[in-house]
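What follows is the residue order along each chain.
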Amino acid sequence: AALDTGVLNDAGGVWRLTGPLPTGQVLGDQVLGRMTALDDDAHETLELLAVGEPMSLGLLESMVDVDVLEALEDRGLIRIELEQRRHTVRLAHPMYGEILRSSLGRVRHRRLSRRLAEAMAAAGGRRRDDALRVVRFQIDAGIAPDIEMVMRSARLARHHQDWITTASLGRVALDAGHADAAALLVEAHHAMGEFDEGDALIQLALEDADALSEEAFVSLHRDWSGSMFFAHDDAAGSVDHL
């Protein structure tokens with residue numbers, strides 16, 4: 001691609017790059033081009049994987065025809081691995097997922113997310129992170145999730161220090177009226193270095209402190225003290241606050 005666009009040149013036996021590599025669009029075209037010969041069922045299966053990977057083989061078999069999976073595996077577009085006695089399906093290369101997701105329209109992404117959420121909920125969660133994934137698919141599909149499940153999923157994301165997911169789920173729960181979600185959201189903001197956003201949430205949450213559990217109340221004050229110490233260079237104020 002660089003040769004074709006003239007940004008890679010042979011100058012006296014030395015290859016010189018004189019502009020940005022155009023690999024993103026070219027690679028995307030090549031990957032999507034490999035999929036043009038697929039029928040609709042096979043193409044949608046790849047899109048489901050792009051949105052939902054990694055997926056258990058059993059779940060995927062409940063959603064699509066097994067012949068489609070065999071054909072995709074034979075063509076080297078998906079890979080199936082054994083992980084802790086569970087067969088897991090992924091796209092053959094992480095870049096495939098990025099390219100497919102970027103090619104999806106918003107309406108199609110919501111429809112695929114709804115399929116995944118309904119299938120996973122029907123199958124029942126067997127792994128600790130299954131509830132978290134169901135909630136994320138429901139949110140992406142525009143489905144109002146169960147707020148207690150959102151909170152459990154946010155706490156699980158916090159346990160794994162997945163602060164982006166903790167923040168997104170915490171925001172959903174807080175907007176739905178779960179006051180304790182503020183503590184999870186503040187902790188996520190602070191962990192990501194977003195102290196101003198976290199501090200503003202603390203003060204807002206403490207305006208209605210009676211709505212908070214004792215655990216959330218203590219957590220918010222602890223994080224406020226931590227912000228004083230780490231973000232505002234106020235060690236004395238942090239100690240006094242504690």
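Fair warning: this is a prediction, and the values are worked out from it, not measured in the lab.

Caption draft 1: Just the packing of helix α11 (residues 181-191) against helix α13 (residues 214-230), in detail. Two elements in contact, α11 and α13, have axes whose closest approach is 9 Å; the angle formed by their N-to-C orientations is 20°. Judged by the angle between their axes, α11 and α13 are roughly parallel. The handedness of the crossing between α11 and α13 is left-handed. For the pair α11 and α13, contact is made by A182, A183, V186, E187 and H190 and by A216, S219, L220, R222, D223 and S227, respectively. Grouping the amino acids of the contact of α11 with α13 by side-chain chemistry returns five nonpolar, three polar and three charged.

Caption draft 2: Quick look at the pattern of salt bridges. The final tally for this structure, using the stated rule, is 10 salt bridges. The salt bridge involving E44 is made with R108; its shortest N-O contact spans 3.3 Å. Within this pair, whereas E44 is found in helix α3 (residues 40-52), its partner R108 is found in helix α7 (residues 106-123), the two being separated by 64 residues in sequence. R108 gets classed as partly exposed once you look at its relative accessible area, which sits at 31%.

Caption draft 3: Just the nonpolar core, in detail. With 31 residues, the main nonpolar core has L46, M63, L72, I78 and L91 as its most contacted residues. Of all the elements in the fold, those that place two or more residues in this core are α3, α4 (57-63), α5 (66-74), β5 (86-91), α6 (94-103), α7 and α8 (130-141). When residues of this core are assigned to their parent elements, the largest contribution, six residues, is made by α3. Setting aside anything within four residues of it in sequence, one finds I78 in contact with L46, L49, L69, L72, E73, V89, R90, L91 and A92. Counting residues in each nonpolar core, the second largest holds 14 residues, with A183, A188, I202 and L206 among its members.

Here is what the cut-offs are and how they apply
- Note that residues are indexed from 1 along each chain, following the sequence as it is written.
- The predicted origin of the model limits local features to residues at a pLDDT of at least 70 and limits the giving and counting of side-chain atom pairs to 80 or more, whereas totals for whole chains, interfaces and linings rest on all residues.
- Note that water and hydrogens are dropped before the side-chain values are worked out from all heavy atoms of the structure.
- For helices, the axis comes from a line fit to the C-alpha atoms of the stretch in contact; other axes are also lines fit to C-alpha atoms, and the angle between any two N-to-C directions lies between 0 and 180 degrees.
- A run of DSSP states H or I qualifies as a helix once it reaches four residues; a run of E qualifies as a strand once it reaches two. Both are numbered from the N-terminal end.
- For this classification, under 35 degrees means roughly parallel, over 145 means roughly antiparallel, 65 to 115 means roughly perpendicular, and everything else is oblique.
- Left-handed is the label given to a crossing in which the near helix is rotated counterclockwise from the far helix by less than a right angle, and right-handed is the label when the rotation is clockwise.
- Note on contacts: a residue pair qualifies if any of its non-hydrogen atoms lie within 4.5 Å across the two residues.
- Throughout this entry, Asp, Glu, Lys and Arg are counted as charged residues, while Ala, Val, Leu, Ile, Met, Phe, Trp, Tyr, Cys and Pro are counted as nonpolar. The remaining residues, Gly among them, count as polar.
- By salt bridge we mean one thing: a side-chain nitrogen of Lys or Arg within 4 Å of a carboxyl oxygen of Asp or Glu.
- Exposed residues in this analysis have more than 50% of their type's maximum accessible area, buried residues have under 20%, and partly exposed residues fall in between, with area computed by a 1.4 Å probe over protein chains only.
- By nonpolar core is meant a set of buried Ala, Val, Leu, Ile, Met, Phe, Trp, Tyr and Cys residues that side-chain atoms within 4.5 Å join together.

It is worth stressing that arrangement in space is one thing and function is another; only the former is reported here.
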